[in-house]
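Structural description and commentary
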2 protein chains.
Amino acid sequence: MGDANFRRELGQQLRVDSVRASDAAGSGHPTSSMSAADALAVLLDGHLRLDYAHPGDPRNDHLIFSKGHASPLYYAVLKAVGAIADDELLTFRTFGSRLEGHPTPRIPPTDVATGSLGQGLPIGVGIALAGKRLDQLPYRVWVLCGDSEMAEGSIWEAFDYAGWAKLDNLTALVDINRLGQTRETMLGWDTAAYAARARAFGWHAIEVDGHDVDALDAALSEARQTTDRPTALLMRTLKGRGVAAVEDQPGKHGKPLDDAAAAITELGGERNLRVEVAEPAGSASPHEFVVEGAEMPSWPVGEQVATRLAYGEALAALGSMRPDVVALDGEVSNSTHSELFANAHPDRYFEMFIAEQQMISAAIGMQARGKVAFASTFGAFLSRAYDFIRMAAVSRADLRLCGSHAGVAIGQDGPSQMALEDMAALRAVHGSAVLHPSDANQTAKLVEQMADRRGISYLRTLRGKTTVRTEPDEPVRIGGSRVVRASDHDDVTIVACGTTVDEAVTAADELAERDICARVVDCYSVKPIDAGVLIAAARETRGLVTVEDHWPQGGLGDAVLEALAEQENTPPVRKLAVYDMPLSGTPEELLHAAAIDAAAITAAASALLRQAEPVQA
Amino acid sequence: MGDANFRRELGQQLRVDSVRASDAAGSGHPTSSMSAADALAVLLDGHLRLDYAHPGDPRNDHLIFSKGHASPLYYAVLKAVGAIADDELLTFRTFGSRLEGHPTPRIPPTDVATGSLGQGLPIGVGIALAGKRLDQLPYRVWVLCGDSEMAEGSIWEAFDYAGWAKLDNLTALVDINRLGQTRETMLGWDTAAYAARARAFGWHAIEVDGHDVDALDAALSEARQTTDRPTALLMRTLKGRGVAAVEDQPGKHGKPLDDAAAAITELGGERNLRVEVAEPAGSASPHEFVVEGAEMPSWPVGEQVATRLAYGEALAALGSMRPDVVALDGEVSNSTHSELFANAHPDRYFEMFIAEQQMISAAIGMQARGKVAFASTFGAFLSRAYDFIRMAAVSRADLRLCGSHAGVAIGQDGPSQMALEDMAALRAVHGSAVLHPSDANQTAKLVEQMADRRGISYLRTLRGKTTVRTEPDEPVRIGGSRVVRASDHDDVTIVACGTTVDEAVTAADELAERDICARVVDCYSVKPIDAGVLIAAARETRGLVTVEDHWPQGGLGDAVLEALAEQENTPPVRKLAVYDMPLSGTPEELLHAAAIDAAAITAAASALLRQAEPVQA
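Described below are features of the structure shown in this document.

Rules used in this analysis
Residues numbered from 1 in each chain as written. Chains lettered and ligands numbered in written order. Predicted model: local features only at pLDDT ≥ 70, side-chain atom pairs only at ≥ 80, totals over all residues. Heavy atoms only, no water. Helix = DSSP H or I, 4+ residues; strand = E, 2+ residues; numbered from the N terminus. Buried < 20%, exposed > 50% of the residue type's maximum accessible area, 1.4 Å probe, protein only. Contact = heavy atoms within 4.5 Å. Least-squares fit on C-alpha atoms with pLDDT ≥ 70 in both. Pairing = 2+ DSSP bridges. Axes fitted to C-alpha atoms, helices over the stretch in contact; angles between N-to-C directions. Core = buried A, V, L, I, M, F, W, Y, C linked by side-chain atoms within 4.5 Å. Right-handed = clockwise from strand over helix to strand, strands pointing away. Phe/Tyr/Trp six-rings, centres within 6.5 Å; stacked < 30°, edge-to-face > 60°. Lys NZ or Arg CZ within 6 Å of the ring centre and 35° of its normal. Parallel < 35°, antiparallel > 145°, perpendicular 65-115°, else oblique. Nonpolar A, V, L, I, M, F, W, Y, C, P; charged D, E, K, R; others polar. Buried area = accessible area lost by both parts, 1.4 Å probe. Salt bridge = Lys/Arg side-chain N within 4 Å of Asp/Glu carboxyl O. Polar contact = N/O pair within 3.5 Å; in protein donor to acceptor, adjacent residues only side chain to side chain.

Looking now at the overall build of chain A. The number of helices and strands found in chain A is 23 helices and 19 strands. Structurally, chain A occupies a C-alpha span of about 90 × 50 × 40 Å along its principal axes. Here chain A holds 617 residues, and the buried ones make up 70% of them. The contacts of chain A with a sequence gap of at least 6 include a subset with a gap of at least 24, amounting to 79%.

Here we come to the environment of Gln225 of chain B. With respect to the element layout, Gln225 of chain B can be found in helix α9 (residues 213-225). Sequence separation between Gln225 of chain B and Val174 of chain B is 51 residues, and the spatial gap between their C-alpha atoms is 19 Å.

Of the transformation superimposing chain B on chain A, the axial component is 0.0 Å and the angular component is 180°, with the fit at an RMSD of 0.0 Å. This pairing of chains is accounted for by a two-fold axis. Taken as a fraction of all interface residues of chain B, those also at the interface in chain A reach 100%, which identifies the copy contact as same-surface.

As a further point, take the sheet that holds strand β11 (residues 433-435) of chain B. Neighbouring strands of a sheet are bound in pairs by backbone hydrogen bonds; such pairs are parallel or else antiparallel. Residues and elements named next belong to chain B. Spatially, β8-β7-β9-β10-β12-β11-β17 is the arrangement adopted by the seven strands of the open sheet, whose pairing is mixed. What marks the edges here is a single partner per strand, and that holds for β8 (349-351) and β17 (525-527). Strand-to-strand twist in this sheet, taken as the mean axis angle between neighbours without regard to direction, amounts to 20°. By the bridge criterion, two bridges tie β11 to β17 in an arrangement that is antiparallel. Of the residues in β17, the one forming a bridge with Leu435 is Ser525.

So, on to the nonpolar core. General note: in soluble globular proteins, nonpolar side chains tend to be found buried as a group. Among the nonpolar cores identified, the biggest contains 256 residues, and Ile360 of chain A together with Ile360 of chain B are the most heavily contacted of them. Among residues more than four places away in sequence, those in contact with Ile360 of chain A are Ala375, Leu382, Ala385, Phe388, Ile389, Leu399 and Leu401 of chain A. Membership of the second largest hydrophobic core comes to 46 residues, among which are Leu14, Leu43, Leu48 and Phe65 of chain B.

So, on to the pairing of strand β3 (residues 170-176) of chain B. Residue and element names in this part refer to chain B. Most of β3 sits inside the fold, with seven of its seven residues counted as buried. Looking at chain direction, strand β2 (residues 141-146) and β3 are connected through six bridges and run parallel. Pairing of Leu144 across the sheet is with Leu173, part of β3. Between the parallel pair β2 and β3, the chain is carried across by helix α7 (residues 153-164), and the sense of this crossover is right-handed. Examined bridge by bridge, β3 and strand β5 (residues 231-236) share six bridges and lie parallel to one another. Across the sheet, the residue bridging to Asp175 is Met235, located in β5.

To continue, consider the packing of aromatic side chains. Going through the model one piece at a time under the given rule, you end up with 24 aromatic pairs over all chains. Aromatic pair Trp156 of chain B and Phe201 of chain B: ring centres 5.2 Å apart, planes at 45°, arrangement tilted. In this pair, Trp156 of chain B is assigned in helix α7 and Phe201 of chain B in the loop between α8 (191-200) and β4 (204-209), connecting sequence segments 45 residues apart. Per residue, the accessibility class of Trp156 of chain B equals that of Phe201 of chain B, and both read buried. Here Trp164 of chain B and Phe353 of chain B contribute two aromatic rings whose centre-to-centre distance is 4.9 Å and whose plane-to-plane angle is 80°, an arrangement assigned as edge-to-face. Taken together, the positions of Trp164 of chain B in helix α7 and Phe353 of chain B in the loop between β8 and α14 (356-368) put the pair 189 residues apart, joining distant regions of the chain. An aromatic cluster is defined as three or more aromatic residues linked by ring pairs; in this entry it consists of Trp156, Phe159, Phe201 and Trp203 of chain A together with Trp156, Phe159, Phe201 and Trp203 of chain B. Its guanidinium or amino end placed over the ring of Trp189 of chain A, Arg236 of chain A lies 4.1 Å from that ring's centre, counting from NZ or CZ.

Right, let's get into the sheet that holds β3 of chain B. All names here are of chain B. Taken together, the five strands give an open sheet; going across it, the order is β1-β2-β3-β5-β4, and neighbouring strands pair in parallel fashion. The open sheet is flanked by β1 (62-65) and β4, the only strands paired with a single partner. For this sheet, the mean angle separating the axes of adjacent strands, direction not counted, is 20°. Pairing geometry for β1 and β2, over four bridges, is parallel. From the neighbouring strand, His62 faces β2, where its bridge partner is Val141. The sheet contacts of helix α3 (residues 37-44) involve β1, β2, β3 and β5, and relative to β1 the element is tilted by about 170°. The strands that helix α6 (residues 120-135) touches are β1, β2 and β3; relative to β2, the one it contacts most, it runs at about 170°.

Right, let's talk about the packing of α7 of chain B against α14 of chain B for a bit. Residue and element names in this part refer to chain B. The geometry of α7 relative to α14 is characterised by a closest axis approach of 9 Å and an angle of 70° between their N-to-C directions. In this view, α7 runs roughly perpendicular relative to α14, as classed from their interaxial angle. Counted together, Gly153, Ser154, Glu157, Ala158 and Tyr161 of α7 and Glu356, Gln357 and Gln358 of α14 form the full contact between these two elements. Along the lines of polarity and charge, the residues of the contact of α7 with α14 split into two nonpolar, four polar and two charged.

Turning next to the interface of chain B and chain A. If you look at the interface, chain B gives 105 residues, while chain A gives 105 residues. Together chain B and chain A conceal approximately 9,100 Å² of surface at their shared face, both sides included; 52% is due to carbon and sulfur atoms. The three residues of chain B that bury the most area against chain A are Phe95, Met186 and Arg384 of chain B, which together make up 9% of that side's buried surface. Where chain B touches chain A, the interface holds 14 salt bridges. Between Asp413 of chain A and Arg93 of chain B there is a salt bridge, and its shortest N-O distance comes to 2.7 Å. Linking chain B with chain A are 60 residue pairs in polar contact (both at pLDDT 80 or more), by the criterion used here. For the side of chain B that touches chain A, the per-class residue count stands at 42 nonpolar, 35 polar and 28 charged.

For the rest of this paragraph, the subject is the side chain of Arg20 of chain A. Residue and element names in this part refer to chain A. Tracing the chain through its elements places Arg20 in helix α1 (residues 4-25). Here Arg20 falls in the buried class, since its relative accessible area comes to 11%. The contact partners of Arg20, leaving out residues within four places of it in the chain, are Lys79, Asp86, Leu89, Leu90, Ile264 and Glu270.

What follows is the structure, given as structure tokens:
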């Protein structure tokens, strides 16, 4: 097919442009780019099917640089295919440029941001899965991996899942240049060891000289022809290939070449080859699932329902209303109740097993294909994928996460299963929403709104039942709150969310018996929080008690303080939260021990007013 | 050696006691316990060397339940070896009991908490590594893994590292009972596939019938005799083994048996066998490294030094002062500067490659052996191990973490490499300290104090240089702060940390030219924060501006608000932080774009005072 000489020349151009871009920037990773340049040249010329002029074409192949630090090579590719001009190439890493230090979707057709290692491959699994099971299109996913990142467990979650799911539309090109940032990798050039691992995880594996364009061509053809399993190319390469001063040398990671001009000369000088990448074939369009329609569920006020169950019912209904909704779970679907979606829409449910990093990555990959992906597990175990959620924000991904089993209220299972830091972690994700409904009707309405929200939305659900207080037709919105009780002579405000709303209402009753009038605010939207209601409460009452089933840091209490921060003369705010490491016990025992139950709220509100009195007098 | 009949009976006892404990609790995982009971019986009777009466004996073997939900079995073992009485066994999961829903170190000789899957094995790697390279003792580490958790990438990080490090003192017993929480695992009973994976990662692998006590005995003997590599027993088992109502049945995960009495009868009734576990052999004591002594480094005021460099120099000096200090890094030691420790103390440095989960787990394992372990990588990449850090708190572990490359101030590499959520995430870890020094002298003093601090301590360091402002002999303490400038007529307070201290000082100069007198507080200890200094500032000035190179949530600003929360009539606090997704650029461009540079501080302080004036008037 292709011309070997052209491919060699193209490889050299990609090297030269990697050197030039890094030299212009004064930083970057040219040597990590040079090792993979020949593989990319062959991939572009003869294997990739991607219309760079129409990056939104659903039939396009996907190319992911899991080794995101090889961004000079990625941008050199964009120049070679005509997606960017040489001028823009040289804006690499400058302020405002689309060519950031590591790739992001700001430059099309980049699907996702990379740069935290070990993420591109599992995300590629998600895109490949969407291609097979959702879009039902013949596109392929090509992922360039570094050898250093093969030490990341997430890579093996991806190998495991892709092998199990027989994703023959996925190819990993592993750039085995032997040298990491500071030293040789664990496996060095032992491509056979990598191949044995890939095979043990159900992949087809091909060892290949990563600088032999004919061998690469044959290997890529073999990958395309392999059915029933994904393929890994284990490419033996030289870091810094082609420039003696850096080739296979330690200490040359992540810096421009000392003498770029000499290196460019050694590589044969600048070129301006243009490679015609094949366009995707045929006229197929993405499969659309047929939905039968449904009403969102609601529950009568007064009923006792677990919000995790409401999540499952709402998600199942949403799936009946919208064909783009898909769900993933980390093998706890009968706990999170995503099983209700799985039962109703088995074609759009993905069991991701106990591999939270792969689960989140798959959701990221699916949203890159326009799906509205909801991923669920215990809130505690979303912490396993925190780096992936962080990076999803850099990817400008729209993700819907549900973490069940919030807080000490889960009871006997103990602290390993309790989400106690999840609101803090998720609040600190750029552009996120953090939602913690106190009842089933709130939950269903928030699930529906999450589907339309951009960015990362997190819903925190409860294991145990809570009282439905929100009327079925009452407005509930991301950024809103619910004033559970209020008067024009309230003494104190109790701000609660989730399970503590029931406790707050009980406390307000107890306080009323002491002639203390308590306003109760249900901040089901912790981020964005309803600042207006809180500011009014701070003006109209003599102090606030916040109460949450979460560590004291970064959750509801801090969100309330943030909302009030810029006000003058803020009254005192007492944060009730889980200050000590919980044990096992009944939910009631643990809420009491943590001092976040009604008794503790009553005591805190009373104490706050006693403290406040001298100042008021 | 052992008596097969005794072992079978012991296995039945372990099952019966698992059923009894779960029945008494009304919750728990008896079926997941029953599958592994025979393996534990054989391990206890003939292979384990552990003096349960002296859990602190450094020669003891270590037994870790990576499948922590098999806690009923774990506690049944403790009864069988005489470590707990039957009465205590039946306190399982009750409030105050040492026998929590999942094991924690509250019950000796438990090294670490488990219950988040995939953590026990990598922690076992750390303990095994400590045995070989630090303690230099012949103890063995036995880890019981579930088959569902083999989907966790962290398991493969452990396989990878242990194989590479040839940890022949480590044995994984994989309980392949086929059934997860909701369905069959990806590999079912394909023990050959598991074995192929283990071998591909450099392990010796033995497929074995997990209910054949003689075969188990032979396999465990083979594991003990295998040198140069760790061993994995791939044990084919039946979930719920021995009770027809649950044996190999789906839908029987994580709940007590419906008819415990009948099950106990079916298992042959209660027993009170006592197994004499072998004591550790010999009189060896842990190796002590010889140290030559050193002074902690210091730098003259006015010098420009990166705090990451100060970390490396301080850690290297500390290693010369204390033989118990060890360091680990995620293959970025020339960025974090832990390489200075590695160069000075190669025997106590561990290169953990790009596998942050294994790095943190190894540190947890080493601290379980009394080592003072410092683990470092980019702060952004500690997010990869967040679940492990969370669980380390449940383990009551003493961990020292260093995250470099904080914030947008890193510049060109872009957001994937910027720690922007790290303070929020680490503040929300139980018992943690979060330290973000602004200069080299602070850094060195905090490193020294971290070594003596219990719990999880996090040091956040900077890529770029900052001005040394702290005198070498000035007190610096965890929980302290540094008042950079103050007078008795300050108008406004600027609270900064890390790189923003330099910006705050410049801003204070600019404000002085406008006749605005600004107090500057350097909160190098973000948690615990110096509430006294902040409360005084809130009383003595008309407002506070906080400024941090971090997302707005959960970091310095929220910590300041928390410190002031319970005060009456708090003045306004304006939080400057990184509100928009950063790009690549120079540090100066990015600090400016994020509005956390001197100009932004000056503007915010001025605006705050204009806002405050009408109220004051």
